[in-house]
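Coordinate inspection notes
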Amino acid sequence: MTNNTTTNAETDTLVEEVVGTLRTFELTEYEAKCFVALTRLREGTAKEVSDVADVPRARIYDSMDALQDRGLVSVQESKPRRFRAVSPREAVDLLERECRSRLDRLGTALPRLGSPNRTTGAGEVWTMEGEAAVAERLATLVADADSEVLLAIAVDELLNDDLVDALADAVDRGVDVVIGSPSGSIRERLREAVPDADVVETWTWWDAHPIEAGAVTSVCMVDGDALLVSADAETELPGVRKHRAIWTDSAEAPVVGLMRPLLSTAIHG
């Protein structure tokens, strides 16, 4: 009895998670619930879907019409009508294609909105915070590298797959990539993932590892002009910390001139 209850609870949680995720793809709540119910049934009538999905029967048909328009459901014109969901893999592939198409359109349209007459001010320095945002900016800087990447990194949280892939791609393009870290595990991971990069041990910004609270978490310089420096920072919540960074893509920013020799010495030795 206990096992069945646990299983039902886990299933309910999974259904709620999938419905919530589907709604991010512009499905209404009823459409998402109907598709999940139909996936569990594989095929069924409006009454069966209504019972499983806990959706009013009067809303089943318009939900199914919408799902059919999206290519997620097939309809058999029998009496009563029967509905069949595409396989989970087909559904994921279809939604992925939709997203890729929208992103492609966005990638084409957004640049056209930029003002061709406006330039970035010389020496401007920007701030940002949040682990994901800092890791994404690091990956973007590396992806734009033409000749050289100097990276010192002390925390695993910033070394996500996107950054590792960007480093590997940079090496493949012929960019000189040198990475320093006080962490043996980080150095080992990078040597395996980016074997043609120069990976070295460096302690310039750190006294110990794991790093102390408030310490620098990464320093990255690209092509001698773009720079990012991040640090571990306290928040107003007790025991909660976050990454904060300053960055610039202007060689005229004074901090770039200050950091260039220090970073080069710290990594190259």
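Residues numbered from 1 in each chain as written. Predicted model: local features only at pLDDT ≥ 70, side-chain atom pairs only at ≥ 80, totals over all residues. Heavy atoms only, no water.

Re the pattern of salt bridges
Charged atoms that come close allow side chains of opposite charge to pair. The final tally for this structure, using the stated rule, is 14 salt bridges. Residue Asp161 is joined to Arg189 by a salt bridge in which the shortest nitrogen-to-oxygen separation is 3.4 Å. Taken as a pair, Asp161 in helix α7 (residues 161-172) and Arg189 in helix α8 (residues 184-193) lie far apart in primary sequence, 28 residues in all. Asp161 gets classed as exposed once you look at its relative accessible area, which sits at 54%. (Salt bridge = Lys/Arg side-chain N within 4 Å of Asp/Glu carboxyl O. Helix = DSSP H or I, 4+ residues; strand = E, 2+ residues; numbered from the N terminus. Buried < 20%, exposed > 50% of the residue type's maximum accessible area, 1.4 Å probe, protein only.)

Looking at the nonpolar core
It is characteristic of soluble globular proteins that their nonpolar side chains tend to be buried jointly. Counting 55 residues, the largest nonpolar core has Val149, Leu167, Val177, Trp205 and Val219 as its most contacted members. Non-local contacts of Val149, meaning those with residues more than four positions away in its chain, are made with Val142, Leu167, Val175, Asp176, Val177, Val178, Cys220, Met221 and Val222. Judged by nonpolar contacts, the second largest core, of 24 residues, contains Leu27, Val36, Val49 and Val55. (Core = buried A, V, L, I, M, F, W, Y, C linked by side-chain atoms within 4.5 Å. Contact = heavy atoms within 4.5 Å.)

Some thoughts on the packing of aromatic side chains
The final tally for this structure, using the stated rule, is 2 aromatic pairs. Judged by centre distance (5.8 Å) and plane angle (65°), the ring pair of Trp205 and Trp206 falls under edge-to-face. Neither Trp205 nor Trp206 differs from the other in exposure class; each is buried. The positively charged end of Arg137 is found above the aromatic ring belonging to Trp247, 4.0 Å away from the centroid. (Phe/Tyr/Trp six-rings, centres within 6.5 Å; stacked < 30°, edge-to-face > 60°. Lys NZ or Arg CZ within 6 Å of the ring centre and 35° of its normal.)

Details of helix α3 (residues 46-53)
Here α3 has its buried residues at Ala46, Val49, Ser50 and Ala53. One side of α3 carries all its buried residues, which in axial view fall inside an arc of 100°. Positive phi appears at Asp54, one or two residues downstream of α3, with a value of about 60°. (Arc of directions from axis to C-beta.)

Thoughts on the packing of helix α2 (residues 29-41) against α3
Where α2 contacts α3, the axes come no closer than 9 Å and their chain directions differ by 105°. When the axes of α2 and α3 are compared, the pair comes out roughly perpendicular. Contact residues: α2 offers Lys33, Cys34, Ala37, Leu38, Arg40 and Leu41, while α3 offers Glu48, Val49, Val52 and Ala53. Residue classes in the contact of α2 with α3 are distributed as 7 nonpolar, no polar and 3 charged. (Axes fitted to C-alpha atoms, helices over the stretch in contact; angles between N-to-C directions. Parallel < 35°, antiparallel > 145°, perpendicular 65-115°, else oblique. Nonpolar A, V, L, I, M, F, W, Y, C, P; charged D, E, K, R; others polar.)

What to know about the UniProt feature "domain: Transcription regulator TrmB N-terminal" (unreviewed entry) in the chain
Here the UniProt feature "domain: Transcription regulator TrmB N-terminal" (unreviewed entry) sits at residues 22-88. Here residues 22-88 is 51% helix and 16% strand, with 12 Å between the C-alpha atoms at its ends. (UniProt positions renumbered as here; feature names shortened; annotations may be inferred.)

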